[in-house]
Amino acid sequence: ETEWALSDADLALVNSAYFVGQFWGQLLVGPASDRFGRRACVCLLVPASYLSGLAHFACGQLKQLVAVRAVSGAVSGGMVIAVSVVAMELCPADRRAFVTSVGFAVGWVGGLLLLVGVDWLAADRPWQWLAVAGLVPTPLALAYLPESPHFLLAAGRADAALAALRRIARVNG
């Protein structure tokens, strides 16, 4: 707000762009993950999230910042949909609500704590570091994310679904 000397209206526009982007990301990624796979969408969204996070550094005008915030929101919203569908499809029906709600709560709080820590460590650095900091754990999670066996079965790939289930069972002991 200070660096850009944003008016209240400009700040509202920047913040609104993020949430409009989230709306479109959630709206578009659901059908895309049904067609191409949950993991495929997440694998596309991970580099997009890094690029959109880094794009904050290149913003020199309000229009650019609004566009980057909209793209960041779309990527974030899409990631929420793709990952939550995988989580729900991998959990037994009687535990889905608990696992997804607790998982998102822990992830949300953990992310906020990470940002507080980064803000404290990088107090003399540009605010854009906060846009990048939340991306650090993403590749670690991606390494363990299997394709949804439900999606694989629906796509007629029973052998791949069985292999995914065996991998999940091996990781879970």
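These remarks concern the structure in this document. (Residues numbered from 1 in each chain as written. Predicted model: local features only at pLDDT ≥ 70, side-chain atom pairs only at ≥ 80, totals over all residues. Heavy atoms only, no water.)

Some thoughts on the overall build of the chain
- Helices and strands together make up the secondary structure of the chain, namely 8 helices and 0 strands.
- The secondary structure elements of the chain, listed N-terminal to C-terminal, are α-α-α-α-α-α-α-α.
- Within the chain, the fraction of its 173 residues that count as buried is 31%.
- Here the analysis covers contacts within the chain between residues at least 6 apart in sequence; of these, 68% occur between residues at least 24 apart.
- When the accessible surface of the chain is summed, it comes to about 10800 Å², and 68% of that surface belongs to carbon and sulfur atoms. (Helix = DSSP H or I, 4+ residues; strand = E, 2+ residues; numbered from the N terminus. Buried < 20%, exposed > 50% of the residue type's maximum accessible area, 1.4 Å probe, protein only. Contact = heavy atoms within 4.5 Å. Areas by Shrake-Rupley, 256 points an atom, 1.4 Å probe, with all protein chains shown as cover.)

Looking at the pattern of salt bridges
- In this structure the tally under the stated criterion is 2 salt bridges.
- One salt bridge connects Arg-38 with Asp-34, and the closest N-O pair in it is separated by 2.9 Å.
- Asp-34 sits in the exposed class, given a relative accessible area of 52%.
- Linking Glu-89 and Arg-38 is a salt bridge whose minimum nitrogen-to-oxygen distance equals 2.7 Å. Here Glu-89, found in helix α3 (residues 62-90), pairs with Arg-38, found in helix α2 (residues 38-55); they are 51 residues apart in sequence, far enough to count as distant. (Salt bridge = Lys/Arg side-chain N within 4 Å of Asp/Glu carboxyl O.)

Details of the packing of aromatic side chains
- By the definition in use, this model includes 2 aromatic pairs.
- A ring pair is formed by Phe-23 and Trp-24, whose centres lie 5.2 Å apart and whose planes are at 80 degrees; its orientation type is edge-to-face.
- Classification of Phe-23 by relative accessible area gives partly exposed; the value is 46%. (Phe/Tyr/Trp six-rings, centres within 6.5 Å; stacked < 30°, edge-to-face > 60°.)

Some thoughts on the environment of Cys-59
- Position of Cys-59 among the secondary structure elements: in the loop between α2 and α3.
- Note on Cys-59: relative accessible area 11%, which makes it buried.

Some points on the packing of α3 against helix α4 (residues 96-121)
- At a minimum axis distance of 9 Å, the contact between α3 and α4 shows a crossing angle of 140 degrees. Judged by the inter-axis angle, α3 sits oblique to α4. Crossing hand, α3 versus α4: right-handed. Counted together, Val-80, Ser-84, Ala-87 and Met-88 of α3 and Arg-96, Thr-100 and Phe-104 of α4 form the full contact between these two elements. (Axes fitted to C-alpha atoms, helices over the stretch in contact; angles between N-to-C directions. Parallel < 35°, antiparallel > 145°, perpendicular 65-115°, else oblique. Left-handed = near helix turned anticlockwise from the far one by under 90°.)

Points about the nonpolar core
- Of all hydrophobic cores here, the largest spans 11 residues; its members are Val-29, Cys-41, Val-42, Leu-45, Val-46, Val-75, Met-79, Ala-82, Val-86, Leu-142 and Leu-145.
- Mapped onto this core, the elements with two or more residues apiece are α2 and α3.
- Aside from chain neighbours lying at most four places away, what touches Leu-145 is Arg-39, Val-42, Val-86 and Arg-167.
- By size, the runner-up hydrophobic cluster in this structure holds 8 residues, among which are Trp-4, Leu-6, Val-14 and Val-66. (Core = buried A, V, L, I, M, F, W, Y, C linked by side-chain atoms within 4.5 Å.)

Re the side chain of Ser-72
- Among the structural elements, Ser-72 can be located in helix α3.
- On the basis of relative accessibility, which here comes to 8%, the residue Ser-72 falls in the buried class.

What about the state of the cysteines?
- By the definition in use, this model includes 0 disulfides.
- Of all cysteine sulfurs in the structure, the one in Cys-41 sits closest to Cys-43, which takes part in no disulfide; the separation is 9.4 Å.
- A relative accessible area of 31% places Cys-43 in the partly exposed class. (Disulfide = S-S within 2.5 Å.)

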